[in-house]
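Summary of the model geometry
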Amino acid sequence: MRQRDPKRDPEALLAQLRQAQARESQGKLKIFFGAAAGVGKTYAMLVEAHERKRAGADVVAGVVETHGRAETAALLEGLETVPLHEVEYRGTVLREFGLDAALARRPGLLLLDELAHTNAPGSRHAKRWQDVEELLIAGIDVYTTLNVQHVESLWDAVAEITGVHVRETVPDSIIDRADEIEIVDLPVDDLLQRLREGKVYIAPQIESAIQNFFRKDNLIALRELALRRTAERVDAQMEPYRRMHERHRATAGGRLLVCIGKPATAPKLVRAARRMAASLRVPWTALYVERPGRSQGSPKDEEYISDVLSFAEELGADTAILSGLRISDEILAYARERNASRIVVGKPSRPRWKEMLFGSLANSLIRESQDIDVYVIRGDVGEERESPKAGPEPSPQGRAYGRAIATVAVCSAVAWLMRPYFELSNLIMVYLLGVIVVAVGSGRGPAIVASVLSVAAFDFFFVPPFLTFAVSDTQYLVTFAVMLAAALVLSTMASRLREQTRGARDRERRAAALYKLSRDLADRQDVDELLGRAVETVEDIFASRAVILVPDANARVGVRAGDASLLGPGGHDHGVAQWVFDRGEWAGLGTHTLPGAQALFIPLKGSHGAAGVLGIRPANVRTLLRPDQFALLETCASQTALALERAELAAQAERSRVQIEAERLRNTLLSSVSHDLRTPLAAITGATSSLLEEGGALAPETRRELVESIGEEAARLNRLVGNLLDMSRLESGALKVQKEWHSLEEVIGAALERLGSRLDGRSVDVRLPDGLGLVPLDDVLIQQVVYNLVENALKYTPAGSPIEVRADSAPGEVWVEVADRGPGLPPGEEQRVFEKFYRLREANRPGGIGLGLTIARGIVEAHGGTMTAGNRPEGGAWFRFSLPVPGEPPRLEPEPGEAGADATGGAGVADHRG
């Protein structure tokens, strides 16, 4: 298979470009690296800082430890210092690096000594190297110092060389992140001379240091480690250059897989795997396989495994958690799936008889790995840092073994009662039944104990000589052996079935929880409803309290859903949530960053960055950080982030659609108005210029025609502007309907009167029934509706054709209809004629901007009525609107001299002719 050319691989080039862009926006890190204290790292850092300052750089000292050395303290003169941050701990005020002050000062270069330093409890970060990471992200260059014994991957090697177990370490990812590493070296004899002169430690500590850590052989070995680590870093920096220029030497390829097992050996395996992966230049993965039901380890072990996986991530590993009954099968399947070529496991530590009885993971991997190399590494290295100490079995396990003993006792009692009536083989069945009950209810360990006790009880109570463990007939030895073997097999199968059932139940619970969350989030588009449902689901799954914070326009997070009290009194932890949103990292309860917070804060990461922050306060944080629960929580946060992002994208799409529609309407309006405005303006301009230029020479009739033309076009222009204003009022909601009781006859008559001379030559047949009564309406607006409908009929019907205006009443409403004898409406266009700017474009029909009918329908709907349109069977179109008439209308009193008029205001039939 032909490999891609790295120089032409677009994906590789794009990845390199993105990485370069990300690094450009961050600060630069330089580490002054040494083999031991006293070689001059701080002194070298200060010397270079002064050179940078003389070159014009803004240099500020954060924390510089002089350790009483006069020449080092002298170099601090002339450098601005960041104020230290005071932290109260157990009644003592501790002074630590002022991270917030440094971020506010934002110097060009910050000096921060002792990268491996552990911050005081209550600080934002547990370690100083985490402070450095935040400074770099803020774009601040950092100079710092580090000794080789503090490199995490070399912890084992340093412990074997010096016998000292260093407590403060720095993950290798920070060293790999450094833009420059300068090794500060000093010959061993010179360093010992400086130690004797008191330039490293004070006098009482000198002799002890020389006899222990600072022995000459130790210093030589540490110096070699420092040089090798620096060379490894230089070689890693050259690797991209070699790949781009095809000068790299062949690498082994594949992936390295390290299997995490016992907590006591896991850190050593992780460090060894990191060193091996670095030397082979291959990616590596830390893998942990848990048995279904989690019956194999104590809660402390599970907590420590979670810490070890986090530790592996700090060293640059991918991590994975699998579940299966046979661990070797899961490891090999994962290795083949991920194309792993090497597997690292710990050396077996169980007794030989247990390996023969239950098997060995290392042996199984070696036999079944085929083309995958297996490395077995010694796991014990003396005292492990922060390793959980062995303790008594948890009380639930103690109760399980007690139930096993009680079950055997009950089986013995039942068998004793059955003894006079049944054979011994039937009594054995009672004990086997008890073993199965224990295996199903309590697991494998108690079942094995029950098996052994059952054989012993059967021998003691039912095999002669009775009440002793002596056996008179050797045939019973075979019986005991078969009984024990059967009990062990049954207990193993039953406990395995129990573990499979519990594992399936756990997987089903997790799958059901994720399905429920996904379904609930997918069904909701409203952000508040979506976040509220997400909070409810998270609280239900993890038996905890939760809150979700989302950013505003200024990227400041605020509570949008959930329990705001999780932020503490007065929103004390709001700053923690803001930090999590800005950095995109976990922080708060149970983490190494701001662990004093009252809740655990998780960034809701979407495809375009953090969309918000999830805060959760569980009843037991250790249970929440268990590997399976941790993965489930992370998945829930991801689902919530994606749903929040989807809702935001939907809102953006809706805003874009509205904007596009508004733009389309604007363009339509401009195209319509530009023509309809220019036509009357052109007519007015032409007539006016004729009057001005040839006014004296024009005949009176011609002058009159020009003036009438100006008046008609001005009126047309006025109607056009009026329609635009009416449409604007309708859409903005500024149109206010003021209903009063009016007669429809008067409203229709006033509308026809406004049309005036435009009705010349037309027959308008108005038909109103007697007793129509008064109608609640805004007479000015409804008059405009009738005007627009009749004007529309005038436009789209042949000259001289009649127009009909009819009205009638129905229960709870009245309706008015305007009909004509024109060509009618095109089929399917009956409702489109009410849309804005819609016009019939046949050649024999006049133009317009298409707002008259839209305004008419808007006015009717503002009255609570409806408007429809259609075609007449005999030809022509009709437009009808209805208005609600709640209650009984008032009766009109006849005015003097109108005794013959209809008291209800009915007008009968009227014929308006122009």
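Every chain begins its residue count from 1, and numbering advances along the sequence as written. The model is predicted, so local features are restricted to residues of pLDDT at least 70 and side-chain atom pairs to those at 80 or more, both for listing and for counting; the totals for chains, interfaces and linings are taken over all residues. As a rule here, side-chain values cover all heavy atoms of the structure and leave hydrogens and water aside.

For two strands to be treated as a pair, DSSP must find at least two bridges joining them. Numbering of helices and strands starts at the N terminus; helices are DSSP runs of H or I of at least 4 residues and strands are runs of E of at least 2. Strand order in the open sheet formed by five strands is β11-β10-β9-β12-β13, with parallel pairing between adjacent strands. Two strands in the sheet have a free side with no partner beyond their single neighbour: β11 (318-323) and β13 (373-377). Going from strand to strand, the sheet's axes swing by 25 degrees on average, the running direction of each strand aside. Sheet topology note: the strand β9 (residues 255-260)/strand β10 (residues 284-290) ladder contains five bridges and is parallel. Its bridge partner being in β10, Cys259 is matched across the sheet by Leu287. Residues count as neighbours in contact if any of their non-hydrogen atoms are within 4.5 Å of one another. Interaxial angles span 0 to 180 degrees and are taken between N-to-C directions of axes, which are lines fitted to C-alpha atoms, for helices over the stretch in contact. Packing of helix α11 (residues 266-280) onto the sheet brings it into contact with β9, β10, β12 (340-346) and β13, and relative to β9 it is tilted by some 175 degrees.

Attention shifts here to the packing of aromatic side chains. Between the rings of Phe, Tyr and Trp (Trp by its six-membered ring), a pair exists once the centres lie within 6.5 Å; its type follows the angle of the planes, with under 30 degrees stacked, over 60 edge-to-face, and the other angles tilted. A full pass over the atoms with the stated rule returns four aromatic pairs. Their ring planes at 80 degrees and their centres at 6.3 Å tell us that Tyr431 and Phe458 sit as a pair that is edge-to-face. Pair noted here: Tyr431 is in helix α17 (residues 424-442) and Phe458 is in helix α18 (residues 444-462), with a separation of 27 residues, a long-range link. A ring pair is formed by Phe834 and Phe879, whose centres lie 6.3 Å apart and whose planes are at 85 degrees; its orientation type is edge-to-face. With Phe834 in the loop between β23 (813-820) and α27 (852-862) and Phe879 in strand β25 (residues 877-884), this pair connects stretches of sequence that are 45 residues apart. Across the pair, exposure class does not vary: Phe834 and Phe879 are buried alike. We call a charge positioned over a ring when the NZ of a Lys or the CZ of an Arg lies within 6 Å of the ring centre and within 35 degrees of the ring normal. Positioned above the aromatic ring of Tyr787 is the side chain of Arg754, whose terminal nitrogen or guanidinium carbon lies 4.2 Å from the ring centre. A cation sits over an aromatic face here: Arg880 above Trp815, 4.4 Å from the ring centre. With a 1.4 Å probe rolled over the protein chains alone, any residue whose accessible area is under 20% of its type maximum counts as buried; one over 50% counts as exposed, and the rest are partly exposed.

For a helix, the expected span equals 1.5 Å multiplied by the residue count minus one. Spanning 14 residues, helix α2 (residues 41-54) covers 20 Å between terminal C-alpha atoms, matching the ideal 20 Å at 1.5 Å per step. Of all the residues in α2, the buried ones are Lys41, Thr42, Ala44, Met45, Leu46, Glu48, Ala49 and His50. Where α2 is buried, its residues meet β1 (29-34), β2 (59-63), α3 (70-74), β6 (109-112), β7 (141-147) and β8 (180-183). Phi turns positive one or two residues past the end of α2, at Gly56, with a value near 105 degrees.

The next subject is the nonpolar core. Among buried residues, the Ala, Val, Leu, Ile, Met, Phe, Trp, Tyr and Cys ones that are joined through side-chain atoms within 4.5 Å form a nonpolar core. Within the largest apolar cluster, 62 residues are counted, with the highest numbers of intra-cluster contacts made by Leu111, Leu135, Leu146 and Phe214. What Leu111 contacts, discounting residues up to four positions off in sequence, is Met45, Leu46, Ala49, Val59, Val60, Ala61, Gly62, Val63, Val64, Leu79 and Tyr143. Within the second largest apolar cluster, 44 residues are counted, among which are Val766, Leu777, Leu789 and Leu883.

By the element assignment, Val170 lies in the loop between α6 (155-162) and α7 (172-177). For Val170 and Gln149, which are 21 residues apart along the polypeptide, the C-alpha to C-alpha distance reads 9.5 Å.

With that out of the way, let us pick up unusual backbone geometry. For Asn339, which is not a glycine, the phi torsion comes out positive at approximately 60 degrees. With respect to the helices, strands and loops of the structure, Asn339 is situated in the loop between α13 (327-337) and β12. The backbone phi angle of Ala543 is positive, close to 50 degrees, even though this residue is not glycine. Turning to its location among the elements, Ala543 is positioned in the loop between α20 (527-542) and β14 (544-551). Given the relative accessible area of 58%, Ala543 is considered exposed.

Another aspect to go through is the sheet that holds β8. Spatial strand order, β3-β2-β6-β7-β1-β8: six strands in an open sheet with parallel pairing. Each edge of the sheet is formed by a strand with only one pairing partner; in this case those strands are β3 (80-81) and β8. Strand contacts of α2: β1, β2, β6, β7 and β8, with the helix running at about 165 degrees to β7, the strand carrying the most contacts. Across the sheet, helix α5 (residues 128-137) lies against β1, β2, β6 and β7, angled at about 180 degrees from β6, the strand it touches most.

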